[in-house]
Amino acid sequence: MKTARPFSVIAIIFVAAVLWTAFLGHRHVLGLASPLDRLEAVFVDLRIQLFGNRPPPEEVVIVAIDDATLTAEGGYPISRDRLAHIVRRIDASGARAIGVDLLLLSTSTHDAALAQALGIIPTVLAGAAQFEVSSSRAIPIPHPDSLLLPLPIFLAEADFGLVNIASDPGGTPRHIPMVFRSSQGLLPSFTLQAVRLFEEQPIPIGPSGANVGGELHALDLGLHLALRYYGPSSTFDTISAETLFDEGATDPRLEGRFVLIGATATGIGDRFHTPFDPVLPGVEVLATGIGNLLDGSGLVRNTEVRWMDVAAAGVLSAIAITTLSALTLSAGSAVFILSVLGWIAVATGFFGQGYWMSISLPLAASLPVFVAYLLIGQTLDRRQAHRLAMAGDELGRFQSPKLAGHIASDPDFLAHPVEQNAVILFVDLSGYSGVSERIGPGSTRELLKEFHVILTEQVDRHHGLILDFMGDGAMVGFGIPDEEDSAPQHALLAAIALVDEVGEWLSSPRWQNENLGVRVGVHFGPIVLSRLGHDMHQQIAASGDCVNVASRLLEVAKSLSGQVAASSQVVALADRELLPNPSGVERVQIRGREAAMDVVYW
């Protein structure tokens, strides 16, 4: 049955949902850093992996300074004359343009030779932006504090572009800025310059995106290209630079293509974690950006897409409130969960078409609303149930939880007496009467309270139940209400533990001079479990000879100067190896019984 929610509660949750969604949506549309970025990175990686590897554009090829190159060269970095030779061999192979992902910052004796080689083919050289405060955010257009640029001798023959990328909080490159702000105006990125040289025409860039070959490719905020990876390392066509070392060497695979020269050798150059590869070389990240810009496969995540994310967040929050208000808890929860799964499916489907729609934002906006409404609804429901159950809970304190559970599940429990075998344990404090007279009622209550706490904990620990508290003592049952073969073992272990625990308690400074002690009697046999009392006031009770004998064994323990006295019947059913060695075994006469019995005592 659905419990109606007060209108005030619905209104408060609705207003809170609007404010929460607006707060998250505002930050999302502006591209501000958020803890959600880490969660969104996981969803992006999962979607990239779901759609698998994609063939990279044929226009891009990598000439790798790999392990074989360094072995042939004899170390890193390779000399400028060797690099000049590689550039000439690439030009001889018919490449359309070259990108050099190496920072040429220091002078060398072979700089003139390299500059001459760079002048024979359209080339973009790597520069780097430096920031005083490191940031992985892709918003807004980055404004570096300083620049690391190639030597002027090289810039006289080639263009340059900045190779900086923008990574998410986990270190995965997510964006490549297309431009950077500087005192000289806007500076191009390495990626943008590479595509411009390959296309042999300017690449106009504006808020709507980059125009490449007459096609508009959307960019994210701050004129950033959102990367969509093609696959793991070596997905791009890769040629070892070592194959171009020989004079006259050429490679037909370079003809008409953009050739990216960069380091892939072990331990050389940057390495980045990506969805397909935990150690993708930086030159391949740049190749991914160039490829995305050329074939238009970069992820679309512009302002319009971000507003769609905010709309989805608002719709899911509204569904959470509406369904939980109009339907039962289970039905409302099911509708909301299906709605969330539906959005995940929609976002995944659009991702396959190149649109990066957020999964984390709608979840972060709607789940707290759903949980809050759920908790408030449950609180209201429980408040009413609590009022009804309060009296029953309080009365339940006067009965063993184990028996109370049986009564709750079966109101006719023990409507008729049940005869069964069980272990009965009696325990009491010796010396209590004199102490209670001396310390007064207040301190006596504290004494009994502490004793009952120890008793209850030990009985629960050994799977027994307290049938009755009797002042300074108690009657405890094991194997009640269901017979258990382990009941004798549990009862004897409980008796020993009680002696130890109560003895330690009585040795505390407060009680050590009061001459108090503890005695326990344990017996196994048939009992009758039944309800006793008036129809309007009843109590679960155990009766029979077993109960009487267990009670009399307290006297036996005292007469034997022991603390635990157990009948031979109960000891015979227990594992003696788990019990401490007894102090002795005596055949004694039990008061009120004709036959003597063997008693084991500790």
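The rules behind each value
Residues numbered from 1 in each chain as written. Predicted model: local features only at pLDDT ≥ 70, side-chain atom pairs only at ≥ 80, totals over all residues. Heavy atoms only, no water. Helix = DSSP H or I, 4+ residues; strand = E, 2+ residues; numbered from the N terminus. Expected span 1.5 Å × (residues − 1). Buried < 20%, exposed > 50% of the residue type's maximum accessible area, 1.4 Å probe, protein only. Core = buried A, V, L, I, M, F, W, Y, C linked by side-chain atoms within 4.5 Å. Axes fitted to C-alpha atoms, helices over the stretch in contact; angles between N-to-C directions. Parallel < 35°, antiparallel > 145°, perpendicular 65-115°, else oblique. Left-handed = near helix turned anticlockwise from the far one by under 90°. Contact = heavy atoms within 4.5 Å. Nonpolar A, V, L, I, M, F, W, Y, C, P; charged D, E, K, R; others polar. Patch = residues over 30% accessible without salt bridge, like charges linked within 9 Å, V, L, I, M, F, W, Y side chains within 5 Å. Areas by Shrake-Rupley, 256 points an atom, 1.4 Å probe, with all protein chains shown as cover. Salt bridge = Lys/Arg side-chain N within 4 Å of Asp/Glu carboxyl O. Pairing = 2+ DSSP bridges. Lys, Arg positive; Asp, Glu negative; His and termini not counted. Charge placed at Lys NZ, Arg CZ, Asp CG, Glu CD. pLDDT = per-residue confidence, 0-100.

Attention now moves to helix α10 (residues 329-352). For α10, built from 24 residues, the straight-helix expectation of 34 Å at 1.5 Å per residue is met to within 8% by its first-to-last C-alpha distance of 35 Å. Within α10 the residues assigned to the buried category are G332, S333, F336, S339, V340, W343, A347, T348 and F351. Within two residues after α10, G354 carries a phi angle of roughly 100°, on the positive side.

Core analysis: the biggest nonpolar cluster contains 44 residues, and F258, L260, I290 and L293 have the highest contact counts within it. Of all elements in the fold, only α2 (36-51), β1 (60-65), β3 (123-130), α7 (190-199), β11 (209-212), β13 (224-226), β15 (258-263) and α8 (282-295) reach the threshold of two or more residues within this core. With seven residues, α8 is the largest single contributor of residues to this core. If you look at the next biggest cluster of nonpolar residues, it comprises 40 residues, including F451, V459, V520 and V564.

Contact pair helix α9 (residues 303-326) / α10: the axes reach a minimum separation of 8 Å and the direction vectors enclose 165°. One element, α9, and the other, α10, form an angle in the roughly antiparallel class. α10 is crossed by α9, and the crossing has right-handed handedness. Facing M308, D309, A312, L316, I319, A320, T323 and L324 of α9, the residues of α10 in contact are L329, G332, S333, V335, F336, S339, V340 and W343. For the contact of α9 with α10, the class distribution of residues is 11 nonpolar, four polar and one charged.

Another point: a nonpolar patch on the surface. Together, F14, V15, V18 and L19 line one region of the surface with nonpolar side chains, adding up to about 380 Å² of accessible area. You can see F14 is positioned in helix α1 (residues 7-30).

This part takes up the sheet that holds strand β7 (residues 173-177). Across the sheet, which stays open at both edges, the three strands sit in the order β6-β7-β13 with antiparallel pairing between neighbours. The open sheet has two edge strands, β6 (166-167) and β13, and neither has a second partner. By the bridge criterion, three bridges tie β7 to β13 in an arrangement that is antiparallel. Note that in β13 the partner of I176 across the bridge is L225.

With that settled, the discussion passes to the environment of V423. If you trace the backbone, V423 turns up in strand β18 (residues 418-430). Residue classification places V423 among the buried positions, given a relative accessible area of 0%. V423 sits 102 residues away from G525 along the chain, and the two C-alpha atoms are 6.6 Å apart. Discounting chain neighbours no more than four positions away, the residues touching V423 are V476, G477, F478, A487, P488, A491, V522, H523, F524 and V570.

Before going further, it helps to spend a moment on a negative patch on the surface. Together, E457, D460, D500, E501 and E504 give the surface a local cluster of negative charge. Breaking the negative patch down by element, the ones donating at least two residues are α13 (432-461) and α14 (487-506). Per-element accounting of the negative patch gives the leading share, three residues, to α14. Along the chain, D500 turns up in helix α14.

Moving on to the confidence of the model for the chain. Detailed reading of predicted coordinates is not advised where the pLDDT is low. Overall, the prediction assigns the chain a mean pLDDT of 89, with 93% of residues at 70 or greater. Of all helices and strands in the chain, the one with the weakest mean pLDDT is helix α12 (residues 401-409) (66), whereas strand β2 (residues 97-100) scores best (98).

Turning our attention to the packing of helix α4 (residues 80-92) against helix α5 (residues 111-118). A pair of packed helices is captured by two measures, namely the crossing angle of their axes and the spacing between those axes. At a minimum axis distance of 8 Å, the contact between α4 and α5 shows a crossing angle of 15°. The angle between the axes of α4 and α5 places the two elements in the roughly parallel class. Helix-helix and strand crossings are classified by hand; for α4 and α5 the assignment is left-handed. Touching R80, L83, A84, V87 and R88 of α4 are D111, A113, L114, A117 and L118, all from α5.

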